[in-house]
Amino acid sequence: MHSVNKMKLILLDYDGTISPIDVSPDNAYPSAKVLESIDYSRKKGNKIAIVSMKSCYLLIDRVKADAYACIGGAEIIYGNRSCIDTELIKYQDDAIELIDFIKKDKNIKDSKAKIDIKKTTSNLIAGITIDWRFSYYPKSLPLIIEQAKKLKLKVIEYENEPFIDILISKANKEDSVLFLKTLFNPEITIYFGDSENDLPAFKVSDISILVLNKYNEHLKNVGVNEIVDFDNVWEAIRRYADN
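Residues numbered from 1 in each chain as written. Predicted model: local features only at pLDDT ≥ 70, side-chain atom pairs only at ≥ 80, totals over all residues. Heavy atoms only, no water.

Enquirer: In this structure, what is going on with the nonpolar core? I would like to understand it.
Expert: One broad rule of soluble globular proteins: the nonpolar side chains tend to lie buried together. Judged by nonpolar contacts, the single largest core of 58 residues is most densely connected at Leu-12, Ile-18, Ile-50, Leu-98, Ile-130, Ile-166 and Phe-192. Residues in contact with Ile-166, not counting those within four places in the same chain, are Leu-98, Ala-126, Gly-127, Ile-128, Ile-144, Ala-148, Leu-153, Lys-154 and Val-155. With 18 residues, the next largest nonpolar core counts Leu-9, Val-51, Ala-67 and Leu-219 among its residues. (Core = buried A, V, L, I, M, F, W, Y, C linked by side-chain atoms within 4.5 Å. Buried < 20%, exposed > 50% of the residue type's maximum accessible area, 1.4 Å probe, protein only. Contact = heavy atoms within 4.5 Å.)

What follows is the structure, given as structure tokens:
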């Protein structure tokens, strides 16, 4: 019989969960306390995975973990191996078409919204984020969303957050959690997240923790095991590493 490892798999979203969401993405780093809690958990024999909409390049540079599920699950890296969703190859031309559509849009330019094109470590386009946290709402956003849907790309809109994600892969964070559970075979899986894109992952984790920040008060009733404030997430990671 395939035995279960006596360790915990602690899964952490990035933006708004372990890094601040109200600063420029270029300055969004986890605090020293969070990084110390992650290191503490790993030293206790647990596994840490970062499950994020960010690219693996960025995550690997900013957090030391056992695995990374990136760009909504389009790529998963563990050790010296990378696993990508092969559907990405099929939709590269569509992704390029949408990027050209966005770049030619006058309202996008006028709004000064940040366009983040996310690629896998093998240079496949896997996601596009349009972010107006520090600019103006782009009035043409509904047209861009409509174009993305025509191309059969996945659009994630957030109720209170000033950005959208367009994903080339059909994978989501639930797929990432299931993959990582199979990979590590933990005794228990604990997921920390803060937004709508984390809801599928909450459903397939043993313990779900909502991390509260300035954008997600509306999610307080989604049905999780625990709610913690962003400033205290470091303590919760450490506590679950011990319990």
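Next comes the rest of the description.
Enquirer: Would you explain the sheet that holds strand S6 (residues 114-119) in this entry?
Expert: Whenever strands of a sheet pair, they do so through backbone hydrogen bonds, lying parallel or antiparallel. One open sheet holds the four strands; their spatial order is S6-S7-S9-S8, and the pairing between them is antiparallel. The open sheet is flanked by S6 and strand S8 (154-157), the only strands paired with a single partner. Along the sheet, successive strands turn relative to each other by an average axial angle of 15°, direction set aside. Packed on one face of the sheet, helix H4 (residues 92-103) meets S6, strand S7 (125-131) and strand S9 (163-167) and runs near 25° to S7. Lying on the sheet, helix H6 (residues 141-150) is in contact with S7, S8 and S9; it crosses S8 at an angle near 145°. (Pairing = 2+ DSSP bridges. Helix = DSSP H or I, 4+ residues; strand = E, 2+ residues; numbered from the N terminus. Axes fitted to C-alpha atoms, helices over the stretch in contact; angles between N-to-C directions.)

Enquirer: Please clarify how the side chain of Arg-62 should be interpreted in this entry.
Expert: Relative to the helices and strands, Arg-62 is located in helix H2 (residues 56-62). Asp-61 provides the closest opposite charge to the buried, salt-bridge-free Arg-62, at an N-O distance of 4.6 Å. Looking at Arg-62, its side chain comes within polar contact range of the main-chain oxygen of Ala-28, at 2.8 Å. (Lys, Arg positive; Asp, Glu negative; His and termini not counted. Salt bridge = Lys/Arg side-chain N within 4 Å of Asp/Glu carboxyl O. Polar contact = N/O pair within 3.5 Å; in protein donor to acceptor, adjacent residues only side chain to side chain.)

Enquirer: So what exactly am I meant to see when it comes to the side chain of Asn-216 here?
Expert: In this structure, Asn-216 sits in the loop between strand S11 (207-212) and strand S12 (226-229). Polar side-chain contacts of Asn-216 include one of 2.8 Å to the backbone nitrogen of Asn-213.

Enquirer: What am I meant to see in the sheet that holds strand S3 (residues 67-70) here?
Expert: A sheet is described by the order of its strands in space; here eight strands give the open sequence S5-S4-S3-S2-S1-S10-S11-S12, paired in mixed fashion. Every other strand in the sheet has two partners, leaving strand S5 (81-84) and S12 as the edge strands with one partner each. Each neighbouring strand pair of the sheet contributes to a mean axis angle of 20°, computed without reference to strand direction. Alignment of strand S1 (residues 8-12) against strand S2 (residues 47-51), held across four bridges, turns out to be parallel. In the sheet register, Leu-11 faces S2, and the bridge partner there is Ala-49.

Enquirer: Just checking my understanding: could you explain the state of the cysteines for this structure?
Expert: Two cysteines, two sulfur atoms, one covalent bond between them: this is a disulfide. The tally for this structure, following the rule as stated, stands at one disulfide. For Cys-56, the disulfide goes to Cys-70, at an S-S distance of 1.9 Å. Every disulfide takes its handedness from the sign of the S-S torsion; for Cys-56 and Cys-70 that torsion is 100°, giving right-handed. In this pair, Cys-56 is assigned in helix H2 and Cys-70 in strand S3, connecting sequence segments 14 residues apart. As far as burial versus exposure is concerned, Cys-56 and Cys-70 are alike and both buried. (Disulfide = S-S within 2.5 Å.)

Enquirer: What's the story with the packing of H4 against H6 in this structure? I'm lost.
Expert: Geometry of a packed helix pair, given as the angle between the helix axes and the separation of the axes. Across the interface, H4 lies against H6 with an axial gap of 10 Å and an inter-helix angle of 165°. With respect to their mutual orientation, H4 and H6 come out roughly antiparallel. Along this stretch, H4 crosses H6, giving a crossing that reads as right-handed. When H4 is examined against H6, the residues Glu-97, Leu-98, Phe-101 and Ile-102 are found in contact with a partner set consisting of Leu-143, Ile-144, Gln-147 and Ala-148. Among the residues making up the contact of H4 with H6, the classes are represented as six nonpolar, one polar and one charged. (Parallel < 35°, antiparallel > 145°, perpendicular 65-115°, else oblique. Left-handed = near helix turned anticlockwise from the far one by under 90°. Nonpolar A, V, L, I, M, F, W, Y, C, P; charged D, E, K, R; others polar.)

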